[in-house]
Amino acid sequence: MKGALGDKWDWSASLNWGRNTGLDGMTNIINLDRVDATLNVATCGRTPTSAPCGNYLGYGNLSPAVLEYIHFTTRDHGGNDQKSFNASISGELFSMPAGPVGFASGFEYRREKGWRDPDSLIVSGAANTNAMDPIAGQYSAREVFAELSVPLLAKLPLVQSLTMNAAARYSDYSLFGSQGTYKLGLDWQVMPALKMRANRSTAFRVPNVPELFGGVSEGNLTTTDPCNNWNTLDPNSAVYKNCQASGVPVGFRQFGPSILTTGGGNQNLKPEEADTFTVGMVWTPSKALTLTLDYFNIEIDNAIETVPGSTKLSVCYNSPGLSHIFCRPSSFTRDPRTGEINFLSSQPENAAQQKVAGLDFGAMYDFTLFGWTSSITADVSRLNRFDVTPFPGGEVIEYAGKITGGRGSYAKWRSTASLTASNGPWSGSYTVQYIGKADDINAAPEDIGSRAPSIAYHNASVKYAFNKAMALSFGVDNLFDKRPPYIQSWTDGNTDTMTYDLLGRRWHVRLGYKF
């Protein structure tokens, strides 16, 4: 709903509900319970309904009946649900010599939940893949905001207009408490063809449902306790002093090479906080051509990071006076009588810092060719820096130009170019997506799959509009059937599943009708 309040004010309100569900799975997964049944000579092959007997010694010894019996396809279900209400008002407060002062304010309420239910065999641990627990969680948020646009100067030499933009938002989350953010910016129209702009802002990201509510599990992981035989170390060393201060008995020896470690979601996570600075220009040398260039610099604090339990122990006991954040009880605890670690966490924490910087270039050119109204757009991004400090005092990891084993690709160059054209009821587009080369951060230079070459994906589509309400479209994605490159770090998929197209060439048809 929307409406007007007098000549200079408008209002709007909306109520939204969105829900999506998905089904995914894996083929050729082994049912370990059925494998056990094929090895039980007392019961296998005895009746038509019994499990067939399997001979697993030697290549090719398993019969087709056994292979069919032990293989299965997993089915995982999940989804997200969001309900929201928002209302806003905007208009002109008063006029200044350079123009009217604009104002906008509003309120928003959101309730979000998500869930994922893995296949029952995966939950039970009876599949030859990592066991997973169901995930489910929800939270609500209330937000108010205000925005102000103040014209400072106008119609001066080299200052066609100079406008200050300011915004503030207050957010209250059911799980995280309250948080405030702001934005300050300047728009300087130097002349009709050239505009300069700069913005400084803060932002935050709340943890997602898997980070918060992911199934918690325990496992014995190979871990070295820094306090093992601590009394034999140099008395002046940090480890000696810290183990002594924390009450670990003299002569303590770690029992076994592994420690029971807790992993999964962490409901004590807090939002990540970001500080952003951007500066750029817009050049319009003609009505048909627009060029943009922007520099961005982003710093994220309290970034969510999963740190191995062994790393937490080492960092803690090597810090002066047990001062590191990993020395908190949320990371590990000890039995006060024996000194043994009775709790060790590898759950995600707000421990990291990220610094990102780069350049964005954009171009748009409108033209007419043989009666077709056409447009070419291009967006190019150059990643100059993506540095991650996984925890205070940790070594900085430089991700720019690298492919990671779980975070995706941070290729230095990326771009998207698109040609669109329309003529009467016909319209179409041709898009090229480019991903630059990148090195596997975990592979040696001489390893196979240590470097991913640059790759370009081509997509094309055409649409025919029968009238204003109904249209038919047809398109082909990955037109030249580009295969994803082999990446060594991604052992499960043999490629970076977060970056590259996995489906190959495919087509789609859509018939749409607007009521």
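Here, the structure is the one placed above.
Residues numbered from 1 in each chain as written. Predicted model: local features only at pLDDT ≥ 70, side-chain atom pairs only at ≥ 80, totals over all residues. Heavy atoms only, no water.

> Requested: an account of the pattern of salt bridges, with residues and values cited.
Taken as a whole and assessed by the stated rule, the structure comprises 20 salt bridges. The salt bridge partner of arginine 337 is aspartate 335, with a shortest N-O separation of 3.5 Å. Its relative accessible area of 70% is what places arginine 337 among the exposed residues. The residue aspartate 387 makes a salt bridge to arginine 385 at a minimum N-O spacing of 2.8 Å. Judged by relative accessible area, which is 33%, arginine 385 ranks as partly exposed. (Salt bridge = Lys/Arg side-chain N within 4 Å of Asp/Glu carboxyl O. Buried < 20%, exposed > 50% of the residue type's maximum accessible area, 1.4 Å probe, protein only.)

> Provide a residue-level description of the layout of surface pockets, including the pertinent values.
Estimated volume of the largest pocket: approximately 930 Å³. If you trace the largest pocket, you find 25 residues lining it, with Met132, Ile135, Pro210, Glu211 and Thr306 closest to the centre. Of all the secondary structure elements, the ones that give two or more residues to the lining of the largest pocket are α4 (209–213) and β14 (289–305). Its residues assigned to classes, the lining of the largest pocket comprises nine nonpolar, twelve polar and four charged. The wall of the second largest pocket is formed by 18 residues, among which Asn266, Asn268, Ser330, Pro348 and Glu349 lie closest to the centre. Class assignment for the residues of the lining of the second largest pocket results in five nonpolar, nine polar and four charged. (1 Å grid on protein atoms, 1.4 Å probe; cavity = no way out; pocket = protein on both sides within 12 Å on 5 of 7 lines; lining within 4 Å. Points joined across faces, edges and corners; volume = space filled by probe spheres on them. Helix = DSSP H or I, 4+ residues; strand = E, 2+ residues; numbered from the N terminus. Nonpolar A, V, L, I, M, F, W, Y, C, P; charged D, E, K, R; others polar.)

> Could you give me a rundown of the nonpolar core, with the residues and numbers involved?
With 20 residues, the main nonpolar core has Cys227, Trp230, Leu313, Tyr317 and Phe326 as its most contacted residues. Elements that contribute at least two residues to this core include exactly α5 (238–245), α6 (309–317) and β16 (341–344). When residues in this core are grouped by element, the largest group, four residues, is from α6. Among residues more than four places away in sequence, those in contact with tyrosine 317 are Pro226, Cys227, Ala238, Val239, Asn242, Cys243, Ser246, Leu322, Phe332 and Arg334. Formed by twelve residues, the second largest nonpolar core is a distinct cluster that contains Tyr139, Tyr173, Leu212 and Phe213. (Core = buried A, V, L, I, M, F, W, Y, C linked by side-chain atoms within 4.5 Å. Contact = heavy atoms within 4.5 Å.)

> Run through a nonpolar patch on the surface, naming residues and quoting values.
Nonpolar side chains collect at one region of the surface, where Leu369, Phe370, Trp372, Trp426, Val462, Phe466, Leu472, Phe474, Trp507, Val509 and Leu511 lie side by side and expose about 1200 Å² of accessible area between them. For the nonpolar patch, the secondary-structure elements that each account for two or more residues are β27 (470–477) and β28 (506–513). A per-element tally of the nonpolar patch places β28 first, with three residues. Within the secondary structure, phenylalanine 466 is located in the loop between β26 (455–465) and β27. According to the relative accessible area criterion, phenylalanine 466 is partly exposed, its value standing at 44%. (Patch = residues over 30% accessible without salt bridge, like charges linked within 9 Å, V, L, I, M, F, W, Y side chains within 5 Å. Areas by Shrake-Rupley, 256 points an atom, 1.4 Å probe, with all protein chains shown as cover.)

> Could you give me a rundown of the state of the cysteines, with the residues and numbers involved?
Scanning all chains against the criterion turns up three disulfides. The disulfide bridge from cysteine 227 ends at cysteine 243, spanning 2.0 Å between sulfur atoms. When the S-S torsion is -95°, as for the bridge of cysteine 227 with cysteine 243, the disulfide is left-handed. With cysteine 227 in the loop between β11 (217–222) and α5 and cysteine 243 in helix α5, this residue pair connects regions lying 16 residues apart in the sequence. Overall, the relative accessible area of 0% leaves cysteine 227 in the buried class. Classification of cysteine 243 as buried rests on a relative accessible area of 0%. A sulfur-sulfur distance of 2.1 Å marks the disulfide that ties cysteine 316 to cysteine 327. Where cysteine 316 bonds to cysteine 327 through sulfur, the torsion about that S-S bond is close to 120°, and the disulfide is right-handed. Of this pair, cysteine 316 sits in helix α6 while cysteine 327 is found in the loop between α6 and β15 (332–334), placing the two residues eleven residues apart along the sequence. Residue cysteine 316 is classed as buried on the basis of its relative accessible area, which comes to 1%. (Disulfide = S-S within 2.5 Å.)

> Tell me about α6, residues and numbers included.
Listing the buried residues of α6 in full gives Gly309, Lys312, Leu313, Val315, Cys316 and Tyr317. The inward-facing, buried residues of α6 contact α5, β12 (258–263), β15, β16 and β17 (349–369).

> Describe in detail the pairing of β16, supporting the description with residues and values.
Two faces make up the sheet, and in a regular strand the side chains alternate between them. By the bridge criterion, three bridges tie β15 to β16 in an arrangement that is antiparallel. Across the sheet, the residue bridging to arginine 334 is isoleucine 341, located in β16. As consecutive antiparallel partners, β15 and β16 are separated by six residues, and within that stretch glycine 339 has a phi angle of approximately 85°, a positive value. (Pairing = 2+ DSSP bridges.)

> Tell me about the packing of aromatic side chains, and please be specific about residues and values.
Two descriptors summarise a pair of aromatic rings, namely the distance from one centre to the other and the angle between the planes of the rings. This structure, assessed with the given rule, holds 15 aromatic pairs. Judged by centre distance (5.9 Å) and plane angle (50°), the ring pair of tyrosine 139 and tyrosine 173 falls under tilted. Pair noted here: tyrosine 139 is in strand β7 (residues 135–156) and tyrosine 173 is in strand β8 (residues 159–173), with a separation of 34 residues, a long-range link. Of the residues examined, tyrosine 139 reaches a relative accessible area of 9% and is grouped as buried. Assessed through its relative accessible area of 7%, tyrosine 173 is described here as buried. Aromatic side chains tyrosine 365 and phenylalanine 367 sit 5.5 Å apart centroid to centroid with 20° between the ring planes, which places their arrangement in the stacked category. You can call tyrosine 365 partly exposed: its relative accessible area is 39%. Clustering of aromatic rings is evident, with ring pairs tying together Tyr139, Tyr173, Phe176 and Phe204. Above the face of the phenylalanine 326 ring, lysine 312 is positioned so that its terminal group lies 5.6 Å from the ring centre. (Phe/Tyr/Trp six-rings, centres within 6.5 Å; stacked < 30°, edge-to-face > 60°. Lys NZ or Arg CZ within 6 Å of the ring centre and 35° of its normal.)

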